[in-house]
Amino acid sequence: MIENSASRKEEQKLAKVVVVTSGKGGVGKTTTSAAFAAGLAVRGYKTVVIDFDVGLRNLDLIMGCERRVVYDLLNVIHGEGSLNQALIKDKRVSNLFILPASQTRDKDALSMEGVGEVISTLQESFDYIICDSPAGIEKGAMTAMYYADEALVVTNPEISSVRDSDRIIGMLASKTLRAEQDLPPVKEHLVITRYDPIRVNKGDMLSADDVQEILAISFLGVVPESKSVLAASNSGIPVTLTDDSDAGEAYFDMVDRFLGLDRPFRFMDVPKRSFLSRLFRTQ
């Protein structure tokens, strides 16, 4: 049973900061950030998702609020607008909010101190703060992970993506506030996207077991290769808010595991064909 917000705040005190990160671009970080944040909100947690990809913002598009952006993260940091002015409330889920990135400035305009002040303020009124990190290890990515309590390390099941994710895991262990202050380390969770068990069986793709063995962090689950992800993104809807989506179901499984609930791992095996489909399959 999900606890109510008041009891959670009393127990948790401040919002948890969760960075969604990877070394390689194009693995589905922003899709994961939007889906995971929306999933937490649907589960009853007041959640804000912050876009750290300054200059190349996409989160507002995937969340379907691009026309509502007036102020952004950098406006808040530089005192050009208030946090309340910059936060955009989702129209579909009442306790989901978005803090967009600037599309016109450089990543160097981000300051660690300014981001810290924004996060500290948000922690007083939210349950979860999801930080959508840009790819790589430049300033935007380092700033996104610096204040993290937990991390979703997103990777595709191919060796270059996994190798880059391994480097990010090293950064999480050494380049965060928790590492600097000798606090318990950032808790890392593995998310494997664009997973296709048929290609795994053919040897064209690493298996989930292979990726887990290489990265050796807590496994949250796989997101199957699915047309619903692209369709949802193009429609400006987080995939967890769409109907009849296997990818959306996979993300909800991961949200529940993240919250400590027991969910079976799905979408990792080749679907069994029915008797009729085997009988009438073409040769």
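Look a little higher up for the structure.
Let's talk about the environment of Thr 21
- With respect to the element layout, Thr 21 can be found in strand 1 (residues 16–21).
- Sequence separation of Thr 21 and Ile 169 is 148 residues, and the distance between their C-alpha atoms is 9.3 Å.
- Setting aside anything within four residues of it in sequence, one finds Thr 21 in contact with Lys 29, Ser 133, Met 145, Leu 152, Val 153, Val 154, Ile 168 and Leu 172.

So, the pattern of salt bridges
- Going through the model one piece at a time under the given rule, you end up with 10 salt bridges.
- For Lys 16, the salt bridge is made with Glu 150, and the minimal N-O distance between the two is 3.0 Å. Here Lys 16, found in strand 1, pairs with Glu 150, found in strand 6 (residues 150–155); they are 134 residues apart in sequence, far enough to count as distant.
- When its relative accessible area of 31% is taken as the criterion, Lys 16 is described as partly exposed.
- Linking Arg 266 and Asp 253 is a salt bridge whose minimum nitrogen-to-oxygen distance equals 2.9 Å. Here the residue Arg 266 occupies a position in the loop between helix 13 (246–258) and helix 14 (275–279), and Asp 253 occupies one in helix 13, the gap between them amounting to 13 residues.

Some words on the pairing of strand 8 (residues 218–224)
- The buried fraction of strand 8 is high, at six of seven residues.
- Pairing of strand 7 (residues 187–195) with strand 8, which is carried by five bridges, proceeds in the parallel orientation. Across the sheet, residue Val 191 finds its bridge partner in strand 8, namely Gly 221.

About the criteria used
Every chain's residues receive numbers from 1 upward, in the order its sequence appears when written. Given that this is a predicted model, residues contribute local features only at a pLDDT of at least 70 and side-chain atom pairs are listed and counted only at 80 or more, while totals for whole chains, interfaces and linings are drawn from all residues. Calculation of side-chain values draws on the structure's entire complement of heavy atoms; hydrogens and water are dropped beforehand. Secondary structure elements follow DSSP: runs of H or I no shorter than four residues count as helices, runs of E no shorter than two count as strands, and numbering proceeds from the N terminus. The criterion used for residue contact is that any of the two residues' heavy atoms lie within 4.5 Å. For salt bridges, the criterion is a side-chain nitrogen of Lys or Arg within 4 Å of an Asp or Glu carboxyl oxygen. We call a residue buried when its accessible area falls under 20% of the maximum for its residue type, exposed when it is over 50%, and partly exposed in between, using a 1.4 Å probe and counting protein chains only. Any two strands with at least two DSSP bridges between them are considered paired.

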